[in-house]
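Structural description and commentary
The lines below spell out each chain.
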Amino acid sequence: MKQFKKNGAVVIYGATCAVIVGLFVLADFTGYAVFGETPFGEKPDAQHTIIMRFHK
Amino acid sequence: MAAIKCPSCKALLEPDETIGTETIVCTNCRSLIGIAKDRTQLLGHLSTDPTQTSLDSPLKIGTIGFVRGKHLRVTGIIKRSDGAYDWHEIALADDTNAVTWIWVDRGHFSVCVCEGKNCVSVDGTRDYKFQSQTLRLYDRAKANVVAAAGQFPFTVDIDRNSEFMDYIAPPYCASHEDGMWWVFEYVPTSEIETAFGISCNKPDGVGINQPSRYQQGRFAAGMVTIISILVLMVIHVALGSRSSENALIDGTVDLHDPQNTPPESFGPFTLDMPKSALEIEVSSPLDNAWTDLTLALVDQATTKTYWTSQGVEFYSGIDSDGPWTQGSRYQTALIRSIPAGRYMLLAHGETGTWNNGQPPQSAAVRIYLRSAPISNFLLALGLIITTGAIYVGLMYRYEAKRWSDSLYSPYVKRDS
């Protein structure tokens, strides 16, 4: 703990690791996948329009 | 001790009896005068060339300060050089009038913590040790006195070109000269400024015995790294249990007449997490044909739609090299970050053939709930390792800088 109190390099290193772990925990808890296909969302294109027309 | 006259210029000088002065520098003509039993002797003349003899010492004669538990008063300053490289050795008297030393190297201060023949020991492997720390040879050179001021409790020999060896184990530097060891401990400039109430120039580069904060913090940094990786593993394993091999959707899309077939709907199914990763698996028993499924997840509450398309294609044949296949009848994809909600899946297909292949009649589509994927863990692990590598790199660079002026640098390969 003494090393953390007086050593800026260790503090910065520890903070960086904490941020990385924090973001990872946040992503895993919320089910967010950093890599993977992003759904195309709501922007329609031809196929989407066809589907939605049938759906309605 | 009574005042004496300089044998050279007759200026009146006042030796300090309390420290047992044996050498005094004439403030008028820069002569070095030896004192023994109230008799004076001219030891020599220091150069008057100001470019060589300018003391430019950060501490001046008579300056008083409180350093590491001792009240100290500057009584003498010697400037020594080895070619173009020079440094200051400052004599200071404490409350008991014992003289100790502060060594100033390119603005880096070190205070003498041990002086004598036995300060440094040699272990079984012939390594020099100071307080269990192994000392490494940093420099071996000869030094001249180029300037001096004040008075000293020993004889200063300006003609002597004495050889010395410096060994280091930060924060210590052990200097061996004339059969004696002087061990110096690094003192931060800010501490000297506070102790003596002075303002100093910023030190140049890395002091040869300056402690490395990277080295000092390596144990803590190692612990941080290990704990971070353990936390990543525990969280990932714990949350991995949310994955399910039970399909949320397990349906078959009719591809007999896709042009005139409305999209088929499957579900509904519920996603509880704020964001969910879904694995979509598409398969079809096709040969020399392809199919693309357009898949739309429709949130029943908001009608917000998330859609993607997944396809499979498989071709085979025989050529001069024999039978060949290309593509796959099975495809998976990870769809990330679908918000919580109750969803229907709408699926619509397109098909095509190649080289007399038969169009596929159906395609299976399955959707599985997945925890955050291993790529999350690997990314975080990679970032932690990269951060650790940067720390190690900075530590290495600091040490390489420290040893850059040494012929004995372990960071430079030299031909033997």
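Further up the page is the structure itself.
These notes cover the structure that comes with them. Bear in mind that the values here come from a model prediction, so they are computed numbers and not experimental data.

Reading the values: the criteria
- Residues numbered from 1 in each chain as written.
- Chains lettered and ligands numbered in written order.
- Predicted model: local features only at pLDDT ≥ 70, side-chain atom pairs only at ≥ 80, totals over all residues.
- Heavy atoms only, no water.
- Helix = DSSP H or I, 4+ residues; strand = E, 2+ residues; numbered from the N terminus.
- Buried < 20%, exposed > 50% of the residue type's maximum accessible area, 1.4 Å probe, protein only.
- Areas by Shrake-Rupley, 256 points an atom, 1.4 Å probe, with all protein chains shown as cover.
- Rg over C-alpha atoms; globule rule 2.2 N^0.38 Å.
- Contact = heavy atoms within 4.5 Å.
- Lys, Arg positive; Asp, Glu negative; His and termini not counted.
- Charge placed at Lys NZ, Arg CZ, Asp CG, Glu CD.
- Buried area = accessible area lost by both parts, 1.4 Å probe.
- Nonpolar A, V, L, I, M, F, W, Y, C, P; charged D, E, K, R; others polar.
- Pairing = 2+ DSSP bridges.
- Axes fitted to C-alpha atoms, helices over the stretch in contact; angles between N-to-C directions.
- Core = buried A, V, L, I, M, F, W, Y, C linked by side-chain atoms within 4.5 Å.
- Phe/Tyr/Trp six-rings, centres within 6.5 Å; stacked < 30°, edge-to-face > 60°.
- Lys NZ or Arg CZ within 6 Å of the ring centre and 35° of its normal.
- 1 Å grid on protein atoms, 1.4 Å probe; cavity = no way out; pocket = protein on both sides within 12 Å on 5 of 7 lines; lining within 4 Å.
- Points joined across faces, edges and corners; volume = space filled by probe spheres on them.

In terms of helices and strands, chain A carries three helices and zero strands. Listed N to C, the secondary structure of chain A is α-α-α in terms of helices and strands. In chain A, which comprises 56 residues, the share counted as buried stands at 36%. Surface exposure of chain A reaches about 3,600 Å², of which carbon and sulfur atoms provide 70%.

Along chain B, the regular secondary structure elements total five helices and 24 strands. The C-alpha radius of gyration computed for chain B amounts to 40 Å, which surpasses the reference 22 Å derived for 416 residues by more than 25%, pointing to a less compact arrangement than a globule. With respect to the principal axes defined by its C-alpha atoms, chain B has extents near 120 × 60 × 45 Å. Among the 416 residues that make up chain B, the fraction classed as buried is 48%. For chain B, the proportion of contacts with a sequence separation of at least 24, taken over those separated by at least 6, is 64%. Considering chain B, the positive charge centre built from 35 side chains and the negative charge centre built from 45 side chains are found 8 Å apart.

This brings us to the interface of chain B and chain A. Each partner contributes to the interface: chain B provides 56 residues, whereas chain A provides 37 residues. Between chain B and chain A, roughly 4,200 Å² of surface is buried when both sides are summed, and carbon and sulfur atoms account for 67% of that area. Of all residues in chain B, the largest losses of buried area upon contact with chain A belong to Trp307, Arg336 and Asn376 of chain B, amounting jointly to 19% of the total for that side. Secondary-structure elements contributing two or more residues to the side of chain B that touches chain A are α3 (213–216), α4 (218–240), β19 (264–283), β20 (287–299), β21 (305–319), β23 (330–358) and α5 (374–402) of chain B. It is α4 of chain B that provides the largest number of residues to the side of chain B that touches chain A, a total of 12 residues. Considering only residue class, the side of chain B that touches chain A consists of 31 nonpolar, 18 polar and seven charged.

Residues and elements named next belong to chain B. Here seven strands make up an open sheet; going across it, the order is β18-β24-β19-β23-β20-β21-β22 and the pairing antiparallel. The open sheet has two free edges, formed respectively by β18 (249–254) and β22 (322–328), since each of these has just one partner strand. Strand after strand, the sheet turns through a mean of 15° between neighbouring axes, direction not considered. Pairing analysis gives six bridges linking β18 to strand β24 (residues 362–370), with the strands arranged antiparallel. Residue pairing across strands places Val253 opposite Ala363, the latter belonging to β24.

This brings us to the nonpolar core. Residues and elements named next belong to chain B. The biggest cluster of nonpolar side chains holds 25 residues, and the ones touching the most others in it are Leu293, Leu297, Ile338, Leu345 and Val365. If you list the elements that add at least two residues to this core, you get β18, β19, β20, β21, β23 and β24. Top element by residues in this core is β19. It accounts for six residues. Discounting chain neighbours no more than four positions away, the residues touching Leu293 are Val253, Leu255, Val282, Thr308, Ser309, Gln310, His348, Gly349, Ala363 and Val365. Judged by nonpolar contacts, the second largest core, of 24 residues, contains Trp87, Val156, Phe164 and Ile168.

Inspection of every chain in the model, using the stated rule, returns 19 aromatic pairs over all chains. Note on Tyr138 of chain B and Trp403 of chain B: the rings are 5.1 Å apart at their centroids and 45° apart in plane angle, and the pair reads as tilted. Of this pair, Tyr138 of chain B sits in strand β14 (residues 136–152) while Trp403 of chain B sits in the segment after α5, placing them 265 residues apart in sequence. Judged by its relative accessible area of 5%, Tyr138 of chain B falls in the buried class. Through pairs of rings, three or more aromatic residues link up here, namely Tyr13 of chain A together with Tyr214, Tyr391 and Tyr398 of chain B. For the cation-ring pair, Arg329 of chain B lies above Phe314 of chain B, with the distance from its terminal atom to the ring centre recorded as 3.7 Å.

Residue and element names in this part refer to chain B. Volume-wise, the largest pocket comes out at about 760 Å³. Together, 31 residues line the largest pocket, and Arg80, Trp87, Glu89, Ala143 and Glu177 are the ones closest to its centre. Secondary structure elements with two or more residues in the lining of the largest pocket: β7 (70–82), β8 (85–93), β9 (99–105), β14, β15 (162–169), β16 (172–177) and β17 (180–187). With four residues, the top contributor of residues to the lining of the largest pocket is β14. Of the residues belonging to the lining of the largest pocket, the class tally is 16 nonpolar, three polar and 12 charged.

Glancing now at the sheet that holds strand β13 (residues 133–134) of chain B. Residue and element names in this part refer to chain B. Strand order in the open sheet made by the three strands is β11-β12-β13, with antiparallel pairing throughout. What marks the edges here is a single partner per strand, and that holds for β11 (121–122) and β13. The pairing of β11 with strand β12 (residues 128–130) spans two bridges and is antiparallel. Looking at the pairing, Ser121 lines up with Lys129 of β12.

These figures come from the coordinates and say nothing about function on their own.
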